[in-house]
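Results of the structural survey
Now for the letters of each chain:
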Amino acid sequence: MKVRDSVVLISGANRGLGRAWARLLLEAGARKVYAGARDPRGIDMPDVIPLELDITDPEQVRRAAAECGDVTLLVNNAGIVRGGHVFDDEAVDRARQELDTNLFGTLAMCRAFAPILVANGGGAIVNVLSVLSWISIPGGATYAMSKAATWSMTNGVRIALRPQGTQVVGLHVAFMDTDMTAGIDAPKASPQDVVAQAIAALEAGQEEVLADALTREVKRGLSLERGVYLDAAG
């Protein structure tokens, strides 16, 4: 995947990591960037094309695919976190909301844009995942469920799209310095650094990015005799 002269669609592009994606892709030479958000009035970046996009709305996903038929790189950045413990009264409702966006919405975008990507030469998809794809923490159990499912979905999409020449990248990261983690006291990665790593991985033909030390440590811990996922974290 070559970023220069690419045409990109970023979901959840109105803040945090999504804004960093838009800015750095333009700096890297992307020819066009569609910036999707539920409320595109919140997108104030120059040189991007605001796009109304709620990835849980099938009609908006269909319309985005119809309007953005020149896309060569899809960045599935949109996601939500509701937080909470497994046995909270609201846990099932929270899990459904997180799965609806993080899993089913992301899958809908992959499905809608796969034919467009192959028509434009193959292209690439980046799915923004998490260190919580592999472990759970007490205050984020339902979010972890959704990201574990989305990791598995990403692996399935990668296998399905490999014959058409579409590169599928899973981007795993722990805490980033964004609004979503404002109340968390922990080391946080810079969104700009995370995006820079992902762009480098795209251009190197890689299929997975472990964007910080904690994520790399957890990934190594999966194969221990007592896997890291067996113990509570956080």
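Structure: above.
Just so it is clear, the model here is predicted, and its values are computed rather than measured. (Residues numbered from 1 in each chain as written. Predicted model: local features only at pLDDT ≥ 70, side-chain atom pairs only at ≥ 80, totals over all residues. Heavy atoms only, no water.)

Topic: the sheet that holds strand β6 (residues 167-172)
What counts is decided by this rule: A pair of strands is treated as paired once DSSP finds two or more bridges between them. The helix and strand labels rest on DSSP assignments: H or I over at least four residues marks a helix, E over at least two residues marks a strand, and numbering proceeds from the N terminus. Each axis is a line fitted through C-alpha atoms, and for a helix only the stretch in contact is used; angles between axes span 0 to 180 degrees, taken between their N-to-C directions.
Strand order in the open sheet formed by seven strands is β3-β2-β1-β4-β5-β6-β7, with parallel pairing between adjacent strands. On the outer flanks of this sheet lie β3 (49-52) and β7 (208-210), each paired with one strand and no other. Averaged over neighbouring strand pairs, the angle between their axes works out to 15° when direction is ignored. Sheet analysis places strand β1 (residues 7-10) next to strand β4 (residues 73-76), joined by three bridges and oriented parallel. Residue pairing in the sheet places Ile-10 in a bridge with Val-75 of β4.

Let's talk about helix α6 (residues 213-221)
Think of an α-helix as turning once every 3.6 residues; residues three or four places apart then point the same way. Heads up, the condition is: We call a residue buried when its accessible area falls under 20% of the maximum for its residue type, exposed when it is over 50%, and partly exposed in between, using a 1.4 Å probe and counting protein chains only. Throughout, the arc means that of the directions going from the helix axis to the C-beta atoms. Residue contacts are defined here by distance: any two heavy atoms, one from each residue, within 4.5 Å place the two residues in contact. N or O atoms within 3.5 Å of each other form a polar contact, as long as, within protein, one can give a hydrogen and the other can take it, and as long as residues adjacent in sequence are counted only when both atoms are side-chain atoms.
Three or more residues of α6 are buried, namely Thr-215, Val-218 and Gly-221. Down the axis of α6, the smallest arc covering the buried residues is 125°, so these residues share one side. Residues of α6 that are exposed and point more than 90 degrees away from the buried face comprise Ala-213, Glu-217 and Arg-220. Those residues of α6 that are buried lie in contact with β6 and β7. At the N-terminal boundary of α6, the capping side chain belongs to Asp-212, with an oxygen 3.3 Å from the backbone nitrogen of Leu-214.

A few points about the packing of helix α3 (residues 91-119) against helix α4 (residues 141-161)
Pairs of packed helices are described in terms of their axes, by the angle between the two and the distance that separates them. Inclusion rule: Each angle gets one of four labels, with under 35 degrees taken as roughly parallel, over 145 as roughly antiparallel, 65 to 115 as roughly perpendicular, and the rest as oblique. Two helices crossing with the near one rotated counterclockwise from the far one by less than a right angle form a left-handed crossing, whereas a clockwise rotation gives a right-handed crossing. Think of it as three bins: nonpolar holds Ala, Val, Leu, Ile, Met, Phe, Trp, Tyr, Cys and Pro, charged holds Asp, Glu, Lys and Arg, and polar takes everything else, Gly as well.
In the contact formed by α3 and α4, the axes pass within 8 Å of each other and the chain directions differ by 20°. Here α3 is positioned roughly parallel relative to α4, judged by the angle of their axes. In this structure, the crossing between α3 and α4 has a hand that is right-handed. Between α3 and α4, the contacting residues are Ala-91, Arg-94, Ala-95, Glu-98, Leu-99, Asn-102, Leu-103, Thr-106, Leu-107, Cys-110 and Ala-114 on the first element and Thr-142, Tyr-143, Ser-146, Lys-147, Ala-149, Thr-150, Met-153, Val-157 and Leu-161 on the second. For the contact of α3 with α4, the residue count by class is 12 nonpolar, five polar and three charged.

Section: empty space enclosed by the protein
The cut-off we apply is this: Note on definitions: the grid is 1 Å and covers protein atoms alone; a cavity is a set of points where a 1.4 Å probe fits but cannot get out; a pocket is an open set with protein on both sides within 12 Å along at least five of seven lines; lining residues have an atom within 4 Å of a point. Grid points are joined across faces, edges and corners, and a volume is the space filled by probe spheres set on the points.
Under the counting rule described, the total for this entry stands at one cavity of 30 Å³ or more. Lining the largest cavity, in full, are Asn-76, Ala-78, Asn-102, Thr-106, Asn-127, Val-128, Lys-147 and Thr-150. When contributions to the lining of the largest cavity are tallied by element, the ones reaching two or more residues are α3, β5 (124-128) and α4. When its residues are assigned to classes, the lining of the largest cavity shows two nonpolar, five polar and one charged.

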